[in-house]
Amino acid sequence: MLAVTALPVLGPRPALAEPLRAVYGVQAAGLQVMRLEVVFDLAAPGRYSIESRSRFTGVASLFSGGGATSRVDGTWQDGQVAPQRFMVDGVWRGEPRRVVLDYPQGDPILRQLLPATDPDREPVPLELRRNTIDSLSALAQLTRNLASSGRCEGRAAVFDGRRSAEFTARTLGRDILAPWRTAWHGEAVRCGFSGRQTGGFRRDDDAEARAPQEGMAWMARPFPGAPFLPVRVQMPGRWLGPLTGYLLEVDGAPARADASSGGNSAGRLATGASPAISGNP
């Protein structure tokens, strides 16, 4: 494992009033398979929005061609997310996909679904849609929890228009992410998360698809004044195998340029997040 190198002394950036653009590289088996661009607008006291754009890259684009744009707009109610509209537009294996969810009374109402039916997938029962949020709102809630308490603990029931799932997050400690290329490095809170799909299964799904899935996300402020963001993520992947995402750019600059520990010196060198993965992010 590489040692953490000394960082140049940089003046702190002012607190964010504008959305923050983060770019991630996602790897599987040491090869880049996806590029993810996320715009976080979390600075306003009463509202939030997150928009993500993903596209497959490299060899993955030959087998899983396509990409997607997802966006949520919501408000804060007593420190909790309240999504107002969630949308997904994309292409999967040459076919257009679209989801529009509104939350007029707090529960999701499916306004648009393309394709409208999927004979290979079970519909999600109405009772599993109640009291759910979208995945981007769950991320916004995690950043809020970390900002207020420094911890990851939380639960979320999620519905994305086709599937329902339950997620839990817990604090596992603090790690030092070692420098590697342009990826962000420094001290981060390590959050463990468990996800279990509850509805919308494909009719040929086996027991493994129905079992809980475990992952980890390292969360930190990429520079002083920024919100907590995922700076590294490890998660299972159904089609490509285990995935690792790295924060590579923040507002158009290499993420390492303003790497900041954002904490104390009690973190340990991360053993589960090796920077020495082959392939270009």
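An account of the accompanying structure is given in this report.

**Description of the pairing of strand β6 (residues 95-102)**
Bridge count between strand β5 (residues 80-92) and β6: eight bridges; the pairing is antiparallel. Residue pairing in the sheet places Trp92 in a bridge with Glu95 of β6. Taking the residues that link successive antiparallel strands as the turn, the β5-β6 hairpin has two residues, and the phi of Arg93 there is positive, at about 55 degrees. In terms of strand pairing, β6 meets strand β7 (residues 109-114) through five bridges, oriented antiparallel. Residue pairing across strands places Leu101 opposite Leu110, the latter belonging to β7. Two successive antiparallel strands, β6 and β7, enclose a turn made up of six residues, where Gly106 displays a positive phi of approximately 100 degrees.

**Things to note about the nonpolar core**
Within the largest apolar cluster, 37 residues are counted, with the highest numbers of intra-cluster contacts made by Leu20, Phe40, Ile50, Trp184, Val231 and Leu247. Here Leu20 is in contact with Val38, Val39, Phe40, Phe223, Ala226, Pro227, Leu229, Val250 and Asp251, once residues within four sequence places are set aside. Residues Leu142, Leu146, Met219 and Val233 belong to the second largest nonpolar core, which totals nine residues.

**Observations regarding the state of the cysteines**
Here the structure, examined in full by the defined rule, presents one disulfide. Residue Cys152 pairs covalently with Cys191 via a disulfide, S to S 2.0 Å. Between Cys152 and Cys191, the S-S torsion sits near -70 degrees, and that sign places the bridge as left-handed. Placement of Cys152 in the loop between α3 (135-149) and β8 (154-159) and of Cys191 in strand β10 (residues 186-199) is noted, with a sequence separation of 39 residues between them. When sorted by exposure, Cys152 lands in the same class as Cys191, which is buried.

Thresholds applied
- Residues numbered from 1 in each chain as written.
- Predicted model: local features only at pLDDT ≥ 70, side-chain atom pairs only at ≥ 80, totals over all residues.
- Heavy atoms only, no water.
- Pairing = 2+ DSSP bridges.
- Helix = DSSP H or I, 4+ residues; strand = E, 2+ residues; numbered from the N terminus.
- Core = buried A, V, L, I, M, F, W, Y, C linked by side-chain atoms within 4.5 Å.
- Buried < 20%, exposed > 50% of the residue type's maximum accessible area, 1.4 Å probe, protein only.
- Contact = heavy atoms within 4.5 Å.
- Disulfide = S-S within 2.5 Å.

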